[in-house]
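Observations on chain architecture
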Amino acid sequence: MTRHFQHEIEKLKVRILALAALVEKSVRNAVTALAERDTEMAQVVIGEDREIDLVEVDIEEECQKILALHQPVAHDLRFIIAVLKINAELERIGDAAVSIAEQICYWVNEGHTDVSYDFESMAKKAQAMLHNSLDALVNFNAQTAFEVIAEDDKVDEIYGDVHRFVRRGVQSAPHQSGGFIHLLAISRHIERIADHASNIAEVVIYLVEGRIIRHRAKDAMKQDTFGNGSQS
Amino acid sequence: MDAKIETKNLNLYYGDYHSLKGVNIAIPPRSITAIIGPSGCGKSTLLRCFNRMNELIPGVIIEGEILLDGENIHQQGTDLIRLRRRVGMVFQRPNPFPLSIADNITYGLRVHGTPPGQKHSDIVENSLRATLLWEEVKDKLHSPALALSPEQQQRLCISRVLAIEPEILLMDEPCSALDPIATDHIEDLMRDLSESYTIIIVTHNMQQASRVSSWSAFMLMGELIEFGPTVRIFNNPRDKRTEAYISGRYG
């Protein structure tokens with residue numbers, strides 16, 4: 001039974017990583033579509049979300065099955081709980097990529113592209129957070145997870161910049177406010193991707209250390225010997 | 001919280017075999033403590049130390065202290081009969097005496113004496129009510145106990161212990177001879193009883209330990225490896241050996 005159970009856990013790990021790869025690709029495509037104002041690429045992002053949704057449901061059912069049949073405990077139990085939570089976060093990151101793609105289509109098709117903002121830095125940071133949070137999951141590395149959470153403030157700062165940029169733009173060129181609103185929406189969705197990555201990192205810390213640092217991540221980081229968090 | 005019963009550097013030898021190695025454990029009162037561990041780890045031996053049952057085995061040497069409400073149960077002058085009244089035991093297989101249901105309950109009273117002012121019939125009823133057996137057997141109190149189902153027999157054995165008003169109930173695999181529904185009934189009963197009694201249960205069934213107990217102790221090769229709240233032990237054990245055992249990776 002144990003060997004069978006181990007096999008189930010390994011299978012689940014492969015599946016959540018496969019979902020992570022799909023979601024990372026979706027975000028990458030959305031960011032490329034944004035930089036290149038490419039509505040065809042945006043449509044690809046929208047079309048491929050269906051697969052992400054299906055895999056998410058599959059993984060949840062797999063977790064339910066393992067919980068019901070094997071009643072895991074300790075690290076195994078935390079792993080299943082972590083997969084359930086990360087699964088939901090990944091699906092929502094997929095949704096955020098779709099929202100970005102939809103905003104790109106409106107922005108381009110409504111002819112607002114003369115109003116623009118360089119999202120490269122913000123998008124790169126959010127993508128790196130996502131990638132590193134998944135890296136932390138693969139390696140059961142709490143230190144990497146703490147670093148991801150620390151990065152979230154930087155994305156929030158850029159989001160604040162976009163806010164100010166949009167406010168100034170709407171005041172100085174009210175006739176272009178439609179374009180500015182699309183930019184604001186896009187920045188909001190990128191900021192949400194960073195938030196979800198931060199949530200994934202918090203789940204990884206729970207998985208590795210068995211403590212829930214949600215809502216007090218920054219205090220936990222201060223108390224923790226930053227850099228010695230990993231127990232993997 | 002003061003311990004109901006605790007061991008201090010408890011060592012036990014069966015001849016040359018070192019069965020318990022420096023065990024220090026403080027069992028909290030009015031709660032269920034589960035002792036888990038692989039076969040031969042010393043968990044039943046530890047359980048039997050709490051009412052000095054091991055001393056019935058020839059060649060046993062016991063070192064260290066066992067304190068019941070702070071008093072050493074090995075000190076000279078300890079009344080063994082009184083100790084075993086305070087620390088009652090329920091065994092793996094239901095073992096009613098080949099007597100009637102009522103006589104099973106009153107048997108202990110003949111050994112330990114009847115509390116003043118109490119009638120046997122009241123004690124029989126109260127003990128059977130405590131294990132929810134009363135309604136099932138009240139019309140056949142003088143029928144043979146061995147005619148009951150295994151689960152009823154086990155509840156009768158628990159009633160028999162309760163009749164002598166113990167403070168601690170030691171249970172050695174009390175459900176291993178029962179089916180899942182009967183097990184469920186006994187576990188419910190244990191939870192009810194833990195409001196008034198200190199219960200220590202030895203079990204091989206990890207799910208039972210996690211379902212029923214508030215505290216868990218993990219033993220391995222005669223040593224107490226880890227003791228703590230069951231939620232923590234089963235969620236985030238501190239010792240890798242505990243983790244390996246409860247998640248089925250031991251051996």
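Anything mentioned here points back to the structure above.
What you see is a predicted model, and the numbers here were worked out from it, not measured in a lab. (Residues numbered from 1 in each chain as written. Chains lettered and ligands numbered in written order. Predicted model: local features only at pLDDT ≥ 70, side-chain atom pairs only at ≥ 80, totals over all residues. Heavy atoms only, no water.)

**With respect to the overall build of chain B**
Rule in force here: In this text, helices come from DSSP runs of H or I with a minimum length of four residues, and strands from runs of E with a minimum of two, each type numbered from the N-terminal end. We compute the radius of gyration from the C-alpha atoms alone; for a globule the expected value is 2.2 Å times N to the 0.38, where N is the number of residues. Under the scheme applied here, a residue whose accessible area is under 20% of the maximum for its type counts as buried, over 50% as exposed, and between as partly exposed, the area being computed with a 1.4 Å probe on protein chains only. Residues are treated as being in contact if the distance between any of their heavy atoms lies within 4.5 Å. For the charge count, each Lys or Arg is scored as positive and each Asp or Glu as negative, with His and the chain ends excluded. By convention, the charge on Lys lies at NZ, on Arg at CZ, on Asp at CG and on Glu at CD.
Helix and strand counts for chain B stand at 10 helices and 10 strands. Relative to the globule expectation of 18 Å for 251 residues, the C-alpha radius of gyration of chain B, 18 Å, shows essentially globular dimensions. Along the three orthogonal principal directions, the C-alpha set of chain B runs to about 55 × 45 × 35 Å. Taking all 251 residues of chain B together, 52% fall into the buried category. Counting contacts in chain B only where the partners sit at least 6 residues apart, residues at least 24 apart contribute 67% of the total. When the 26 positive and 30 negative side-chain charges of chain B are each reduced to one mean point, those points stand 1 Å apart.

**A closer look at the overall build of chain A**
What counts here: Only the protein chains shown count as covering a residue, and every accessible area follows the Shrake-Rupley method with a 1.4 Å probe.
Secondary structure summary: chain A contains seven helices and zero strands in total. Going residue by residue from the N terminus, the α and β elements of chain A occur as α-α-α-α-α-α-α. On C-alpha atoms alone, chain A measures out to a radius of gyration of 19 Å, which is about the 17 Å that the 2.2 N^0.38 rule sets for 232 residues. With the C-alpha coordinates of chain A rotated into their principal frame, the extents come out at 65 × 40 × 20 Å. Relative to its 232 residues, chain A shows a buried fraction of 48%. Total accessible area on chain A stands at roughly 10,900 Å², and carbon and sulfur atoms take up 50% of it.

**Considerations on the interface of chain B and chain A**
For the record, the criterion: Buried area adds together the accessible area that both of two parts lose upon being put together, with accessible area traced by a 1.4 Å probe. We define a salt bridge as a contact between a side-chain nitrogen of Lys or Arg and a carboxyl oxygen of Asp or Glu at a distance within 4 Å.
Contact residues are listed per partner, giving 10 residues for chain B and 12 residues for chain A. Buried area between chain B and chain A, both sides added, is near 890 Å², and the carbon and sulfur share of it is 39%. When the area that chain B buries against chain A is broken down by residue, the three leading residues are Asn-235, Asn-236 and Arg-249 of chain B, summing to 45%. Remark: the boundary between chain B and chain A carries one salt bridge.

**Regarding the packing of aromatic side chains**
Rules: Classification of ring pairs uses Phe, Tyr and Trp, with its six-membered ring standing for Trp, and accepts pairs whose centres are within 6.5 Å; under 30 degrees between planes counts as stacked, over 60 as edge-to-face, and the remaining range as tilted. Only when the NZ of Lys or the CZ of Arg is both within 6 Å of the ring centre and within 35 degrees of the ring normal is a charge said to sit over the ring.
In the structure shown here, the tally under the stated rule is seven aromatic pairs over all chains. Aromatic side chains Phe-79 of chain A and Phe-140 of chain A sit 6.4 Å apart centroid to centroid with 85° between the ring planes, which places their arrangement in the edge-to-face category. On the criterion of sequence distance, the pair formed by Phe-79 of chain A in helix α3 (residues 74–109) and Phe-140 of chain A in the loop between α4 (120–138) and α5 (142–172) is long-range, its members being 61 residues apart. Like Phe-79 of chain A, the residue Phe-140 of chain A is buried in the burial classification. Aromatic side chains Phe-97 of chain B and Tyr-107 of chain B sit 4.6 Å apart centroid to centroid with 45° between the ring planes, which places their arrangement in the tilted category. Pair noted here: Phe-97 of chain B is in the loop between β6 (87–90) and α3 (101–112) and Tyr-107 of chain B is in helix α3, with a separation of 10 residues, a long-range link. With a relative accessible area of 38%, Tyr-107 of chain B lands in the partly exposed category. One aromatic cluster is present, formed by Tyr-117, Phe-119, Phe-165 and Phe-180 of chain A through successive ring pairs. Residue placement shows Arg-160 of chain B over the ring face of Phe-97 of chain B; its charged tip is 4.2 Å from the ring centre.

**Focus on the sheet that holds strand β8 (residues 198–202) of chain B**
Residues and elements named next belong to chain B. Formally: Any two strands with at least two DSSP-identified bridges between them are counted as paired. Between N-to-C directions, angles cover 0 to 180 degrees, with each direction set by a line fitted to C-alpha atoms, over the stretch in contact for helices.
The six strands lie next to each other as β6-β7-β8-β3-β9-β10, forming an open sheet whose pairing is mixed. Both outer strands of the open sheet, β6 and β10 (223–229), are each paired with one neighbouring strand and no more. Taking each pair of neighbouring strands and ignoring which way they run, the sheet shows an average axis angle of 20°. Bridge count between strand β7 (residues 168–172) and β8: five bridges; the pairing is parallel. Paired with Ile-168 across the strands is Thr-198, a residue of β8. Its contacts with the sheet place helix α6 (residues 150–163) against β6 and β7, and it is angled at close to 170° to β6. Sitting on the sheet, helix α7 (residues 180–193) touches β3 (32–36), β7 and β8, and the angle it makes with β8 is about 145°.

**Structural notes on the environment of Glu-55 of chain B**
Residue and element names in this part refer to chain B. Of note, Glu-55 is situated in the loop between α1 (43–49) and β4 (60–68). With relative accessibility at 33%, the residue Glu-55 sits in the partly exposed group. With 48 residues separating them along the chain, Glu-55 and Thr-7 place their C-alpha atoms 16 Å apart. The residues touching Glu-55, leaving out its near neighbours within four places in the chain, are Ile-62 and His-74.

**Focus on a nonpolar patch on the surface**
Our working definition: Note that patches include only residues with greater than 30% relative accessible area and no salt bridge, and the join distances are 9 Å for like charges and 5 Å for nonpolar side chains (Val, Leu, Ile, Met, Phe, Trp, Tyr).
Among the surface-exposed residues, Ile-81, Leu-99, Tyr-107 and Val-111 of chain B lie close enough to one another that they form a single nonpolar patch of about 340 Å² accessible area. Positionally, Val-111 of chain B belongs in helix α3.

**With respect to the packing of α3 of chain B against helix α4 (residues 120–130) of chain B**
Residues and elements named next belong to chain B. Stated precisely, the cut-off is as follows: An angle below 35 degrees is read as roughly parallel, one above 145 as roughly antiparallel, one from 65 to 115 as roughly perpendicular, and any other as oblique. Residue polarity is assigned by list, with Asp, Glu, Lys and Arg as charged and Ala, Val, Leu, Ile, Met, Phe, Trp, Tyr, Cys and Pro as nonpolar; anything else, Gly included, falls into the polar class.
Here α3 crosses α4 at 110°, and the two axes come no closer than 10 Å. For the element pair α3 / α4, the angle class is roughly perpendicular. Seen from α3, the contacting residues are Ile-101, Ala-102, Ile-105, Thr-106 and Leu-109; seen from α4, they are His-120, Ile-123, Val-124, Ser-127 and Leu-128. In terms of residue class, the contact of α3 with α4 is made up of seven nonpolar, three polar and no charged.

**Some remarks on the pairing of strand β2 (residues 17–27) of chain B**
All names here are of chain B. With seven bridges connecting them, strand β1 (residues 5–14) and β2 associate as antiparallel partners. Along β2, the bridge assignment pairs Leu-12 with Leu-20. Linking two consecutive strands that pair antiparallel, namely β1 and β2, is a turn of two residues; a positive phi of about 60° is found at Gly-15 within it.

**With respect to helix α6 (residues 177–209) of chain A**
Residues and elements named next belong to chain A. Put simply, the rule reads: A helix's residues, less one, multiplied by 1.5 Å, set its expected span.
Look at α6: 47 Å from first C-alpha to last across 33 residues, which is about the 48 Å you get at 1.5 Å a residue. In terms of burial, α6 is largely enclosed, as 25 of its 33 residues are buried. Gly-210 lies just past α6 and shows a positive phi near 75°.

**What about the sheet that holds strand β5 (residues 71–72) of chain B?**
Taken in spatial order, the four strands make up an open sheet running β2-β1-β4-β5 (chain B), and their pairing is antiparallel. Edge positions in the sheet fall to β2 and β5 of chain B, since each has one partner strand and no second.

**Remarks on the pattern of salt bridges**
Counted under the stated rule, the structure contains 28 salt bridges over all chains. One salt bridge in this structure joins Arg-211 of chain A and Glu-209 of chain A, with 2.6 Å as the shortest N-O distance. Among the residues examined, Glu-209 of chain A registers a relative accessible area of 9% and is labelled buried. With a closest N to O distance of 2.9 Å, Arg-155 of chain B and Glu-151 of chain B form a salt bridge.

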